[in-house]
Amino acid sequence: MFKMIVAMLLMIVPVTAHAQSFDHAAWDDLLKRHVVVVRGGVASQVRYDGMARDRAALSGYLSAAGKVSRATFDGWSKPDQLAFLINVYNAATVELILTGYPRIKSIKDLGGFIQGPWSKPFITLLGKTVTLDDIEHGLIRGSGRYNDPRIHFAVNCASIGCPALARAAYRGATIDAQLDAAARGFLSDRSRNRADGNGVAVSSIFKWYRGDFEKGWRGARTLSAFFALYADSLGLNPALAAKAKAGQLSISFLAYDWQLNKAG
């Protein structure tokens, strides 16, 4: 009898695995309108003048995101949480650029002598006014929830040296494939990552966040081993790929270009 009652209740009250996730359609539309893919798809530029014309839509998206409570956020799946944080970070970065555009040539122009642009509290998120650093280094990297080094290819710093700003919003259902595409795209950009003699010359991102790439994601405990996972994208020949897998790859770091990633 008990089993029959439970079965009847389940028919009346549907069970869902996770709470409804956030709607990123507005941000997705802005990306499709104003992000331009360049260099064969390995990089992108932003039409900031277009973003400025659509600033009401950008502000509306960030305002809606700012109304999400911590309890609601915690009820989402981890992929939905991560997609939300990456999208809000990228949208907030564009909003920050628009506070100084078109007079600025770099996001660094928005920082002061003491406080950098990433340390400015200006975004409402999960009940608090936060900085870009709070989102990236606190909520994403520092939370211990996600532990995926590929986030460094998804969060965008509005600079030429940064991995491409994707032309589509991140979604929980597809985020693994999206992060992998972002990683492969960035590592395929020979202006920022390439084989170099008996080793590789790569973006300074791998120097600044080396520890994130050495935490064992997909078995990689060294930066060299991480590169072995993407040997084809990085363009490693068989000998270099073998060195990478053995953790013996020579690694040097390229200068980072902080110029604004604006479309011409």
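The structure contained in this document is the topic of the report that follows.

Definitions and cut-offs
Residues numbered from 1 in each chain as written. Predicted model: local features only at pLDDT ≥ 70, side-chain atom pairs only at ≥ 80, totals over all residues. Heavy atoms only, no water. Pairing = 2+ DSSP bridges. Helix = DSSP H or I, 4+ residues; strand = E, 2+ residues; numbered from the N terminus. Axes fitted to C-alpha atoms, helices over the stretch in contact; angles between N-to-C directions. Phe/Tyr/Trp six-rings, centres within 6.5 Å; stacked < 30°, edge-to-face > 60°. Buried < 20%, exposed > 50% of the residue type's maximum accessible area, 1.4 Å probe, protein only. Salt bridge = Lys/Arg side-chain N within 4 Å of Asp/Glu carboxyl O. Parallel < 35°, antiparallel > 145°, perpendicular 65-115°, else oblique. Left-handed = near helix turned anticlockwise from the far one by under 90°. Contact = heavy atoms within 4.5 Å. Nonpolar A, V, L, I, M, F, W, Y, C, P; charged D, E, K, R; others polar.

**Details of the sheet that holds strand β6 (residues 199-202)**
Move 1: Across the sheet, which stays open at both edges, the three strands sit in the order β5-β6-β7 with mixed pairing between neighbours. Of all the strands in the sheet, the pair left with one neighbour each is β5 (194-196) and β7 (250-253). Strand-to-strand twist across the sheet, computed as the mean angle between neighbouring axes with direction ignored, equals 35°.
Move 2: Bridging between β6 and β7 involves four bridges; their strand directions are parallel.

**Concerning the packing of aromatic side chains**
When we look at a pair of aromatic rings, we describe it by the centre distance and by the angle of the planes.
Move 1: Evaluation of the coordinates by the stated rule reveals 23 aromatic pairs.
Move 2: Ring geometry for W217 and F226: centres 6.0 Å apart, planes at 45°, overall tilted. As far as burial versus exposure is concerned, W217 and F226 are alike and both buried.
Move 3: The structure contains a cluster of three or more aromatic residues connected by ring pairs, namely F153, F186, F206, F213, W217, F226, F227 and Y230.

**Details of the environment of G100**
Move 1: Position of G100 among the secondary structure elements: in the loop between α6 (78-98) and β3 (123-125).
Move 2: Distance from G100 to L110, taken between C-alpha atoms, is 7.0 Å for residues 10 residues apart in sequence.

**Focus on the pattern of salt bridges**
Move 1: For the structure shown, the criterion picks out 18 salt bridges.
Move 2: In this structure, D28 engages K32 in a salt bridge whose closest nitrogen and oxygen atoms are separated by 2.9 Å. In this pair, D28 and K32 are both assigned in helix α2 (residues 25-34), four residues apart and thus about one turn of the helix distant.
Move 3: Between D29 and R33 there is a salt bridge; the shortest N-O distance is 2.8 Å. Placement of both D29 and R33 in helix α2 is noted, with a separation of four residues, approximately one turn of the helix.
Move 4: Accessibility expressed as a relative area gives 37% for D29, which makes it partly exposed.

**Side note on the packing of helix α4 (residues 55-66) against α6**
Move 1: Running from N to C, α4 and α6 cross one another at 140°; their axes reach a closest spacing of 10 Å. Judged by the angle between their axes, α4 and α6 are oblique. The way α4 lies across α6 gives a crossing that is left-handed. Side by side, α4 and α6 meet where R55, L58, S59, Y61, L62 and A65 of the first sit next to F84, N87, V88, A91, A92, V94, E95 and L98 of the second.
Move 2: A per-class count over the contact of α4 with α6 returns 10 nonpolar, two polar and two charged.

Interpretation note: all reported values are geometric properties and have no functional meaning in isolation.
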